[in-house]
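# Structural features, examined
The lines below spell out each chain.
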Amino acid sequence: TSTQRYELMTYEPNLIAQFRLYRPALYQRACVPLGMTSKADMTREAVSLFELPSSYQPLNTFVTQYCTQYREPDRLAIQQLLVSHIEALHDAGLSHGDIGPHSIWLTAGFELKLSHFTMAEQAIPPMQPQPGIDLKGYIWPQALVPATYSANQRDVMVLAIILWHIEQATPVDADSLI
């Protein structure tokens with residue numbers, strides 16, 4: 001329904017707004033959504049836009065352009081940066097829920113931002129993703145990890161695969177996340 005789409009599409013901007021007010025360090029590590037649609041303007045083809053400086057590139061582009069040229073200490077520095085970002089989320093009581101090549105943005109200067117917090121889960125509400133929202137067959141990587149694991153454990157399992165790809169300087173593909 002349009003109400004469910006609206007709740008899904010406004011979850012991330014609302015969460016980032018909470019970061020800005022209560023967790024400024026997390027706000028600095030996140031891609032900031034641009035604007036928020038009104039419930040009246042919600043359509044079936046809603047798109048999220050976020051602010052991202054031009055020097056940032058999605059993970060797979062970064063790996064292809066830079067990691068293949070980096071020596072092991074540089075790749076390790078990138079891995080440590082990514083782990084510290086996810087650790088900061090978990091320390092704040094939040095699991096990302098959609099870690100993947102589409103939600104990790106890097107610069108050649110070793111700066112990193114995360115996006116796509118729509119599936120994030122907070123250990124302490126005020127907000128939770130709404131169950132039963134139709135995502136048109138989209139399967140986020142953490143959905144492939146058994147439900148017996150906690151949300152943070154699912155984040156870490158997918159993170160380990162991504163760290164391996166950074167170390168190997170190979171792009172992450174859908175098959176490696178299954």
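You'll find the structure just up there.
This report concerns the structure included in the present document. (Residues numbered from 1 in each chain as written. Predicted model: local features only at pLDDT ≥ 70, side-chain atom pairs only at ≥ 80, totals over all residues. Heavy atoms only, no water.)

## Thoughts on the nonpolar core
Ranked by size, the top nonpolar core spans 34 residues in total, and within it Phe19, Leu82, Ile104, Phe117 and Ile162 carry the most contacts. Elements with a minimum of two residues in this core: helix H1 (2–22), helix H2 (24–28), helix H3 (59–67), helix H4 (72–91), strand E5 (104–106), strand E6 (112–114) and helix H5 (151–168). Excluding residues that lie within four positions of it along the chain, Phe19 makes contacts with Pro24, Leu26, Tyr27, Ala30, Leu89, Leu94 and Phe117. (Core = buried A, V, L, I, M, F, W, Y, C linked by side-chain atoms within 4.5 Å. Buried < 20%, exposed > 50% of the residue type's maximum accessible area, 1.4 Å probe, protein only. Helix = DSSP H or I, 4+ residues; strand = E, 2+ residues; numbered from the N terminus. Contact = heavy atoms within 4.5 Å.)

## Regarding H3
Leu59, Phe62, Val63 and Cys67 are the residues of H3 that are buried. With its buried residues spanning 100 degrees around the axis, H3 presents them on a single face. Lining the buried residues of H3 we find strand E3 (57–58), H4, E5 and H5. (Arc of directions from axis to C-beta.)

## With respect to the packing of H4 against H5
Here H4 crosses H5 at 165 degrees, and the two axes come no closer than 10 Å. As judged from the angle between their axes, H4 and H5 are roughly antiparallel. With respect to the hand of their crossing, H4 and H5 are arranged in right-handed fashion. Within the contact between the two elements, H4 uses Glu72, Arg75, Ile78, Gln79, Leu82, Val83, Ile86 and His90 and H5 uses Asn152, Asp155, Val156, Leu159, Ile162, Leu163, Ile166 and Glu167. Its residues assigned to classes, the contact of H4 with H5 shows nine nonpolar, three polar and four charged. (Axes fitted to C-alpha atoms, helices over the stretch in contact; angles between N-to-C directions. Parallel < 35°, antiparallel > 145°, perpendicular 65-115°, else oblique. Left-handed = near helix turned anticlockwise from the far one by under 90°. Nonpolar A, V, L, I, M, F, W, Y, C, P; charged D, E, K, R; others polar.)

## Section: H5
Here H5 spans 26 Å end to end across 18 residues, near enough to the 26 Å set by a 1.5 Å rise per residue. Contacts from the buried residues of H5 go to H3, H4, strand E4 (94–95), E5 and strand E7 (121–122). Immediately downstream of H5, the backbone of Ala169 shows phi near 55 degrees, a positive value. (Expected span 1.5 Å × (residues − 1).)

## Comments concerning the packing of aromatic side chains
Taken as a whole and assessed by the stated rule, the structure comprises five aromatic pairs. Among the aromatic residues, those joined into a ring-pair cluster are Phe62, Tyr66, Tyr70 and Phe110. (Phe/Tyr/Trp six-rings, centres within 6.5 Å; stacked < 30°, edge-to-face > 60°.)

## Looking at the environment of Ser95
Within the secondary structure, Ser95 sits in strand E4. Separated by 60 residues in the primary sequence, Ser95 and Asp155 place their C-alpha atoms 6.8 Å from one another.

## A few points about the sheet that holds E6
Pairing in this open sheet of three strands is antiparallel, and the strands run E3-E5-E6 from one edge to the other. Edge positions in the open sheet fall to E3 and E6, since each of these has one partner strand only. Each of E5 and E6 touches H4; the most contacted strand, E6, lies at about 40 degrees to it. (Pairing = 2+ DSSP bridges.)

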